[in-house]
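So you can see what is in the structure, the chains are spelled out below.
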Amino acid sequence: MRILVTGGAGFIGSHVAAAFQEAGHEVCVLDNLLTGSKENLPPSLNLTWADLRDPFLEQNINELDFEIICHHAAQISVPRSVEQPSADAEINISGMLNLMQIARRWKITRVIFSSSGGAVYGDPENIPVDENTPPDPLSPYAVAKLSGEAYLRYYQRAYGITFVVLRYANVYGPRQAPVGESGATAIFMKHLSERTSPTIYCPPGMPEGAVRDYIYVEDCVAANLLALHGGDNQIFNIGSGVGTATLDLWQQLVKASGVSDPPRVTMAGQRPGDVRRTVLDCGKAKRELGWEPKISLPQGLTATWQWFVNK
Ligand SMILES: NC(=O)c1ccc[n+]([C@@H]2O[C@H](COP(=O)([O-])OP(=O)(O)OC[C@H]3O[C@@H](n4cnc5c(N)ncnc54)[C@H](O)[C@@H]3O)[C@@H](O)[C@H]2O)c1
């Protein structure tokens with residue numbers, strides 16, 4: 001199949017694009033290198049520098065007659081979305097719409113969209129949350145991701161474009177930059193290697209920090225490969241189903257790294273827009289997509305630390 005991977009020079013997108021190519025598909029990467037990098041891509045992958053917001057986007061990406069768009073390009077910082085909601089919406093809503101209009105004109109058959117299970121449910125009463133839990137976005141970033149999902153439903157009804165929404169939990173692994181909505185693992189690795197103190201943000205009553213569901217990037221890649229052929233017009237949570245407090249993540253990372261003189265952590269209050277607790281129920285992905293996570297947190301942290309120290 002001919003697949004356009006937007007955001008394919010970024011952390012998750014680069015792993016997905018490489019895996020699609022390894023599986024025998026023809027792949028083109030679209031990215032404006034806002035947070036992505038050419039170094040993330042194997043030489044065999046073509047990079048088209050283009051911006052989702054560009055009114056002439058179509059002219060920049062018409063070399064291949066694509067059948068599928070796998071949409072990973074986004075502004076990914078929750079704090080930035082809180083400070084500059086319009087700038088977030090320009091990329092994550094208007095930019096996506098620009099892409100969907102091209103999808104419509106090109107008669108694209110399928111769009112795979114990376115949404116955020118860590119953001120769209122807000123602070124749910126009960127965890128783990130499944131896909132029937134009503135969304136309750138607490139940040140403009142989450143609002144934009146939900147809008148993207150709603151637009152996909154619209155384009156499906158109006159133009160018959162099949163969609164698959166993958167609501168990722170907090171993804172970590174090689175190539176993650178130490179910034180962004182959920183780069184705690186990457187940020188911690190930088191602090192650990194430089195022996196500088198990491199900050200742990202603690203919502204009221206949560207002295208060990210917020211609770212997150214951490215999923216290894218290769219598990220997300222596997223979900224994207226399955227979404228090429230299944231899960232039509234469905235939303236899937238893609239997470240580990242395990243809740244980990246931020247302090248626990250730090251301690252597990254220190255253990256996986258083998259560093260014997262780690263720096264002390266600094267505790268701070270909750271950041272605006274941050275959710276307190278999020279853990280995903282991924283039973284639907286198992287039942288309907290045949291997907292389940294394979295890499296445990298200690299395994300994933302060890303592999304990511306190895307990459308980090310050898311890069
Ligand atoms: N990392 C996570 O834990 C996580 C969790 C849930 C959802 N997601 C979603 O997964 C996707 C990939 O995230 P990531 O962690 O790999 O982040 P990333 O920043 O590494 O990747 C995003 C990519 O999009 C590109 N981009 C940004 N704005 C663009 C624009 N206007 N035009 C073209 N390209 C643009 C960036 O240069 C980058 O390469 C995003 O949609 C993100 O919202 C990520």
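A brief look at the structure comes next. (Residues numbered from 1 in each chain as written. Predicted model: local features only at pLDDT ≥ 70, side-chain atom pairs only at ≥ 80, totals over all residues. Heavy atoms only, no water.)

Digging into the packing of aromatic side chains
Centre distance and the angle of the planes are the two values used to describe a pair of aromatic rings. Using the following cut-off: Each aromatic pair joins two rings of Phe, Tyr and Trp (for Trp, the six-membered one) with centres within 6.5 Å, and gets the label stacked for planes under 30 degrees apart, edge-to-face for over 60, and tilted for any other angle. Here a helix means four or more residues in a row that DSSP labels H or I, a strand means two or more in a row labelled E, and each is numbered from the N terminus. Relative accessibility thresholds used throughout: buried, under 20% of the residue-type maximum; exposed, over 50%; partly exposed, between the two (1.4 Å probe, protein chains only). For a Lys NZ or an Arg CZ to count as sitting over a ring, it must be within 6 Å of the ring centre and within 35 degrees of the ring normal.
Applying the stated criterion across every chain, the model contains eight aromatic pairs. Summarising the aromatic geometry, the rings of W305 and F308 are spaced 5.8 Å apart at their centres and angled 20° between planes, so their arrangement reads as stacked. Placement of both W305 and F308 in helix 11 (residues 297-310) is noted, with a separation of three residues, approximately one turn of the helix. For W305, a relative accessible area of 6% puts it in the buried group. A centroid spacing of 6.4 Å and a plane angle of 65° characterise the contact between W307 and F308, whose relative ring orientation is edge-to-face. You can call W307 partly exposed: its relative accessible area is 26%. Overall, the relative accessible area of 17% leaves F308 in the buried class. Of the aromatic side chains, those joined through ring pairs into one cluster are Y154, Y155 and Y159. Against the face of Y201 rests R271, its NZ or CZ located 4.4 Å from the ring centre.

Observations regarding the sheet that holds strand 6 (residues 162-168)
For the record, the criterion: The rule for pairing is simple: two strands pair if DSSP sees at least two bridges between them. Angles here are taken between N-to-C directions and fall from 0 to 180 degrees, while the axes themselves are lines fitted to C-alpha atoms, restricted in helices to the stretch in contact.
The strand order across the open sheet formed by seven strands is 3-2-1-4-5-6-11, and the pairing between neighbours is parallel. Strands with a single pairing partner mark the edges of an open sheet, and in this sheet they are strand 3 (46-49) and strand 11 (234-238). Within this sheet the neighbouring strands show an average axis-to-axis angle of 20°, counted without direction. As paired elements, strand 5 (residues 110-116) and strand 6 share seven bridges and run parallel to each other. Paired with R110 across the bridge in strand 6 is T162.

Nothing here speaks to function; it is geometry throughout.
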